[in-house]
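The chain contents come next:
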Amino acid sequence: MAGSQPSAQDLNSLNYAVLDPYNGTIETGGNSLTQDLNVFYESGDIAWIITSTALVLLMIPGVGFFYSGLARRKSALSLIWLSIMATGVISFQWFFWGYSLSFSHTAGKYIGNLDNIGFRNVLAQPSVGSPKIPDLLYAVYQGMFAAITVALAVGAVAERGRMLPCIIFMWTWSTLIYDPIACWTWNPNGWANKLGGLDFAGGTPVHIASGSAALAYSLMLGKRRGHGTHELNYRPHNVTHIVIGTVFLWVGWFGFNAGSAGSASLRAVMAAVVTNLAASTGGVTWCVLDYRLEKKWSAVGFCSGVVAGLVAITPGSGYVPAWAAVVFGVVGATACNYGTKLKFIFGIDDSLDIFAVHAIGGMVGNLLCGAFAANYIAHLDGYTVIPGGWITGNWIQMAYQVADSASGFVYSFCGSCIILFLINLIPGCHLRASEEAEVLGMDDAEIGEFAYDYVELSRDVINNTIDSDSKSGYSQDRESPVDMEPKSYPSQSV
């Protein structure tokens, strides 16, 4: 009837599942034979984090394609191989003891224990990362973080590092470096977490840790053959690979940042908004900065800026308002762009600029998070309470961010140098490939397969020609497949 008030809805008549508050007392969260353990969690939260897990997995081959395009073609496949191998090695390491060392419920200030070794008792208890999802889901989601962090770091072996010692490094580094940093950053018992450091999705555990490890690996390996001369071509060999890798990363980063909300909440939505905005402004900024030098609108520059913006916004994505993402993108891309010059100052052959983009970008993101973190953004999930950063008058927050960033960098860099030094002492595990293998290319020397068919094709042509010449009674020197690489021209920093 017109003007009448609508009658109250009888909730009991609706077909919906009632969410029960968690009341378990055993480590697994309950007995699945006698009770429905799903009633403690929203199906939408679980669905979103499962989707986010797949999105982060997509980022790992994205890293491989991005790195592959930046390298020379004779070592292109080796970098894709390293990224997918990191997934395999670290997925098992994470299952075996990585998750327990990082996120056990009774962890210490610096590292967890082995209560959950082999995912023991990892099931339906609310996770330490979010009360909205169970341990098992949080474990598989965070396992992708561990894998992509290692994939980012081992790109430093580009064009001169051997595969076997790199695999040993993956397992060892993740156990001794990544797991402790993840514990002290994200585990409620960790010292940085207790101190009040803010790192939403991995400014220190993922980016600063991987960037400083890559710097250490580059330093321990030494410079590539021909570094600093016309023999070494700095230009990327396949810009299409770089663009494809960037697209994979950009899409996957929505799961990386928005998934770190631990629920399908407004906080996750805000994290997605600032992620895309920082990536966009970062790409435009880097492209403009490169244009001032070359007067060319570089596709590689745009892609590099996108990644720099994504790295910078990572630690603050669940803490800062939308307008702050523009600052993260512009400042992050600018700092990383100029950071690529540091390798020339210090004489370290960081061939893919991993330190410049990830370590510097992570540091910038951590510091900007200390400035722009807002308590009302963090509370969009309905339960997180923080004092905020400078914009809410919490001036001490910047000191916490500096402490977390500096400790992560020092621990990862020094620890990585020690690990690499010891691996190099193991018989048969020397880090550096031989000069002959380096000339041949890592694809041929270490894998025996290639990203392109030009190597096999050129071999067939050369072998057939040599056989023909031999039958006719003469032979002559010809170019090897390696020498058929395009001739080098003045170097350009990516």
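Per an unreviewed UniProt entry, the chain goes by the name Ammonium transporter and belongs to Dibaeis baeomyces. For the record of the chain, the UniProt heading Sequence similarities (unreviewed entry) holds the text "Belongs to the ammonia transporter channel (TC 1.A.11.2) family."

In this structure, Met170, Trp173, Tyr217, Phe256 and Tyr319 are the most contacted members of the largest nonpolar core, which totals 114 residues. Here the element with the most residues in this core is helix H3 (residues 135-153); it accounts for 13 residues.

This part is about the environment of isoleucine 117. Turning to its location among the elements, isoleucine 117 is positioned in the loop between helix H2 (76-103) and H3. Between the C-alpha atoms of isoleucine 117 and tyrosine 99, which are 18 residues apart in sequence, the distance is 7.8 Å. Dropping the residues within four chain positions of it, isoleucine 117 is found in contact with Phe95, Phe96, Trp97 and Ser100.

Moving on, we come to unusual backbone geometry. Not every positive phi belongs to a glycine, and asparagine 121 is a case in point at roughly 60°. Tracing the backbone shows asparagine 121 in the loop between H2 and H3. Residues other than glycine seldom take positive phi values, yet aspartate 353 does so here, at roughly 55°. Relative to the elements of secondary structure, aspartate 353 occurs in the loop between helix H11 (342-346) and helix H12 (354-372).

Moving on: H12. Given 3.6 residues to a turn, an α-helix orients residues that are three or four positions apart in the same direction. Helix length check: H12 (19 residues) gives 26 Å between terminal C-alpha atoms against 27 Å at 1.5 Å per residue, within 8%. Counting buried positions along H12 yields 17 of 19 residues, so the element is predominantly enclosed.

Below, the discussion takes up a nonpolar patch on the surface. Taken together, the side chains of Leu219, Met220, Ile418, Phe421, Leu422 and Leu425 make up a nonpolar region of the molecular surface, amounting to roughly 580 Å² of accessible area. Of all the secondary-structure elements, those providing two or more residues to the nonpolar patch are helix H6 (203-221) and helix H14 (397-425). The element that contributes the greatest number of residues to the nonpolar patch is H14, accounting for four residues. Checked against the element boundaries, phenylalanine 421 lands in helix H14.

What follows covers the confidence of the model for the chain. In this model, the chain carries a mean pLDDT of 89, and residues with pLDDT of at least 70 account for 87%. Contacts of residues 466-494 to residues separated by more than four positions or lying in other chains number 44 contacts, the stretch itself having pLDDT below 50.

Before going further, it helps to spend a moment on the environment of serine 263. Tracing the backbone shows serine 263 in the loop between helix H7 (239-258) and helix H8 (266-294). On the basis of relative accessibility, which here comes to 1%, the residue serine 263 falls in the buried class. The contact partners of serine 263, leaving out residues within four places of it in the chain, are Asp45, Trp48, Ile49, Lys132, Ala268 and Asp381.

Examined against the element boundaries, serine 218 turns out to sit in helix H6. A residue is classified by how much of its surface remains accessible, and serine 218, at 1% relative accessible area, is buried. Setting aside anything within four residues of it in sequence, one finds serine 218 in contact with Ala156, Arg160, Ile348, Asp349 and Asp350.

Basis of the calculations
Residues numbered from 1 in each chain as written. Predicted model: local features only at pLDDT ≥ 70, side-chain atom pairs only at ≥ 80, totals over all residues. Heavy atoms only, no water. UniProt positions renumbered as here; feature names shortened; annotations may be inferred. Core = buried A, V, L, I, M, F, W, Y, C linked by side-chain atoms within 4.5 Å. Buried < 20%, exposed > 50% of the residue type's maximum accessible area, 1.4 Å probe, protein only. Helix = DSSP H or I, 4+ residues; strand = E, 2+ residues; numbered from the N terminus. Contact = heavy atoms within 4.5 Å. Expected span 1.5 Å × (residues − 1). Patch = residues over 30% accessible without salt bridge, like charges linked within 9 Å, V, L, I, M, F, W, Y side chains within 5 Å. Areas by Shrake-Rupley, 256 points an atom, 1.4 Å probe, with all protein chains shown as cover. Salt bridge = Lys/Arg side-chain N within 4 Å of Asp/Glu carboxyl O. pLDDT = per-residue confidence, 0-100.

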